[in-house]
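The chain contents come next:
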Amino acid sequence: MIRKTIKIVNKLGMHARPATMIVKAATKYRSEFRIVKSDMEINGKSIMGVMTLAAEFGSELELVADGVDEKFLIQEIVEMFLNKFGEE
Amino acid sequence: MKKISVKEFYELEKKDLSLSLITHPNTMQGNITTSFLNRPGLALTGYFDRFEYNRIQIFGETEISYLQSLKEEVLYNNIKETLVYDIPAIIITKGLSVPKQIEFLANEMMIPIFSSRLSTDKLFNSIRIYLQGIFAESKTIHGTLIDVFGVGILLTGKSGIGKSECALELVERGQRLITDDVVKITSKDDILVGGATNNYGHFMEVRGIGLIDVAKMFGIQAVRMKKRIDVQIELMPWKDNMDYERIGLSNHSVDILGNKIPIIYLPISPGKNIAVIIEVVAMNHISKLFGYDAAKEYTNKLQEELTRKAKLREKQIEEKK
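Treat the numbers as computed from the prediction; the structure is a model and nothing was measured.

Asker: Outline the domain arrangement of chain B, listing residues and values.
Answerer: What the domain assignment lists for chain B is domain 1 (4-135), domain 2 (137-290) and domain 3 (294-321). Just the C-alpha atoms count here: the centres of domain 1 of chain B and domain 3 of chain B sit 71 Å apart.

This is the structure we're talking about:
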């Protein structure tokens, strides 16, 4: 299991488009994927779940992956965050 | 190019357009090749640039009264020059009487003249509707057409994927079948209309059973003849890595005979109730027509919350300083 804390650096926060990107990327992997934000924990492969977090610019999330390809999953997702989901 | 012979046109439409042939029957030799009509107005004065001679020429009160105002030789010459063109047919409206010279020249030059009792306006409309039906572009495609809550849903997908079974379940839920397996689509006035290719009735093949008659089995309320096609749904086997629509913000469309209609790629897998999902597609479509887009509504709310929270956070950081 990998845990990785990450900050949202794109101005618009995690709106519909980034949420879709994350979910679509995560579903490719076999590992389980959860995202934790303060007291909320959701399934990172569910679009409604990810949007429910309403994670705004500057907020922190914890990505949790568990499975055979957890390393690659986290790597791809983290990269998306760092690239600001292609925004700005 | 599509065409219809003038003879056929006359035989089929003489009742509806209350037509009678003034010239000799032998004059009906040409073909109608376009659904457009023309009022020759300027051509009769001798101006032939852009004269649309290949259309049916309609002589209304304006044309006739102009011709009657002409001196005999002028009238003869002008008409002769006009009839030199390969005109499929001339129709005189309101049962107006035709100057004798015109009738004579038309017989000579083998151009049929019909007289109609309808007014010019009415005749224009009726012929246009009739000819548009004939000249409308059409094609047949492999699929099933169902009317779901008034929304015409064209179901497509590989054979054996379950289009017919899905249509059957929709019919059982009170929706109406237009045709199964082969849909004839016609494009008319920017609207796609689908129907069956034959008039045998509403038969359907169900794998393992054979042919069934939907109208006999479920009653006449379960079928209809034609329906405007509003949405296409492509059924496809579920694949793990397929890029399915998740929110519904991006709308895909497909081009059928030059008309764009929305298309939805629907993954199916055992245990999924496709009929219910199709009803949802139809209701969502109606909802959007009424101006309510659930995907937009939700994402707008999310965006508002994100902006509000980001501002709040900024404020808190400043206060700490």
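Asker: Go over the environment of Glu32(A) with me, naming the residues and quoting the values.
Answerer: All names here are of chain A. Residue position: Glu32 is located in strand β2 (residues 32-37). A relative accessible area of 55% means that Glu32 is categorised as exposed. C-alpha of Glu32 to C-alpha of Lys11: the two residues are 21 residues apart in sequence and 28 Å apart in space. Not counting the four nearest positions on each side in its chain, Glu32 is found in contact with Val64, Ala65 and Asp66.

Asker: Hey, could you go over the packing of helix α7 (residues 163-172) of chain B against helix α9 (residues 274-289) of chain B for me, with residue numbers and the actual values?
Answerer: Residue and element names in this part refer to chain B. Two elements in contact, α7 and α9, have axes whose closest approach is 9 Å; the angle formed by their N-to-C orientations is 70 degrees. Looking at the two axes, α7 sits roughly perpendicular to α9. Touching Cys166, Glu169 and Leu170 of α7 are Ile274, Ala275, Ile278 and Glu279, all from α9.

Asker: Give me the side chain of Glu279(B): which residues, what numbers.
Answerer: Residues and elements named next belong to chain B. Looking at the secondary structure, you find Glu279 in helix α9. One polar contact links Glu279 to Arg173, side chain to side chain, over a distance of 3.0 Å. Not counting residues within four places of it along the chain, the set of residues in contact with Glu279 comprises Val148, Phe149, Leu170, Arg173 and Gln175.

Asker: An account of the sheet that holds strand β16 (residues 226-228) of chain B is requested, with residue identities and associated values reported.
Answerer: Residues and elements named next belong to chain B. Reading across the sheet, the 4 strands line up as β8-β12-β13-β16 and stay open at both edges, with antiparallel pairing between neighbours. Strand pairing shows two members of the sheet lacking a second neighbour, β8 (137-142) and β16, which therefore form its edges. Direction aside, the axes of adjacent strands within the sheet are offset by 25 degrees on average. Note that strand β13 (residues 191-195) and β16 share 3 bridges and pair antiparallel. Bridge pairing in β16 places Val193 opposite Arg228.

Asker: I'd like a rundown of a nonpolar patch on the surface, residues and numbers included.
Answerer: Residues and elements named next belong to chain B. Side chains of Phe149, Val280 and Met283 sit close together on the surface and give an oily, nonpolar patch of about 270 Å² of accessible area. Looking at where Met283 falls in the secondary structure, it is placed in helix α9. A relative accessible area of 42% places Met283 in the partly exposed class.

Asker: Explain the sheet that holds strand β4 (residues 60-66) of chain A residue by residue, including any values.
Answerer: Residues and elements named next belong to chain A. The strand order across the open sheet built from 4 strands is β1-β4-β2-β3, with neighbouring strands paired in antiparallel fashion. Each edge of the open sheet carries a strand with a single partner, namely β1 (2-7) and β3 (40-43). The mean inter-strand angle of the sheet, taken between neighbouring strand axes irrespective of direction, is 25 degrees. Relative to β3, β2 runs antiparallel, the two sharing 4 bridges. When the sheet's bridge partners are listed, Val36 is paired in β3 with Glu41.

Asker: Would you mind going over the environment of Ala282(B) in detail, with residue names and values included?
Answerer: Residues and elements named next belong to chain B. Checked against the element boundaries, Ala282 lands in helix α9. Note on Ala282: relative accessible area 0%, which makes it buried. Distance from Ala282 to Ile220, taken between C-alpha atoms, is 22 Å for residues 62 residues apart in sequence. The contact partners of Ala282, leaving out residues within four places of it in the chain, are Val148, Phe149, Val151 and Ile153.

Cut-offs used in this document
- Sequence order as written defines residue numbering, which begins from 1 separately in each chain.
- Chains and ligands are labelled by the order in which they are written, letters from A for the one and numbers from 1 for the other.
- Side-chain atom pairs in this predicted model are given and counted only at pLDDT of 80 or more, local residue features only at pLDDT of at least 70, and totals for whole chains, interfaces and linings cover all residues.
- To obtain the side-chain values, all non-hydrogen atoms of the structure were included, while hydrogens and water were left out.
- Here the bounds of each domain stem from an automatic or database domain assignment.
- Each helix is a run of H or I in the DSSP string that is no shorter than four residues. Each strand is a run of E no shorter than two, and both are numbered from the N terminus.
- Residue exposure (1.4 Å probe, protein chains only): buried if accessible area is under 20% of the type maximum, exposed if over 50%, otherwise partly exposed.
- Contact between two residues is taken to exist if any of their heavy atoms lie within 4.5 Å; hydrogens are not considered.
- Helix axes use the C-alpha atoms of the stretch in contact, all axes being lines fitted to C-alpha atoms, and the angles between their N-to-C directions lie in the range 0 to 180 degrees.
- Here the word oblique covers every angle except those under 35 degrees (roughly parallel), over 145 (roughly antiparallel) and from 65 to 115 (roughly perpendicular).
- Think of a polar contact as two N or O atoms within 3.5 Å of one another; within protein, one of them needs to be a possible hydrogen donor and the other a possible acceptor, and neighboring residues in sequence only count if both atoms come from side chains.
- Two strands form a pair only when DSSP identifies at least two bridges running between them.
- Patches were defined on residues exceeding 30% relative accessible area and lacking a salt bridge, with like-charge contacts within 9 Å and nonpolar side-chain contacts (Val, Leu, Ile, Met, Phe, Trp, Tyr) within 5 Å.
- In this description, accessible areas are obtained by the Shrake-Rupley approach with a 1.4 Å probe, and a residue is regarded as covered only by the protein chains that are shown.
- Here, a salt bridge means any side-chain nitrogen of Lys or Arg that lies within 4 Å of a carboxyl oxygen of Asp or Glu.

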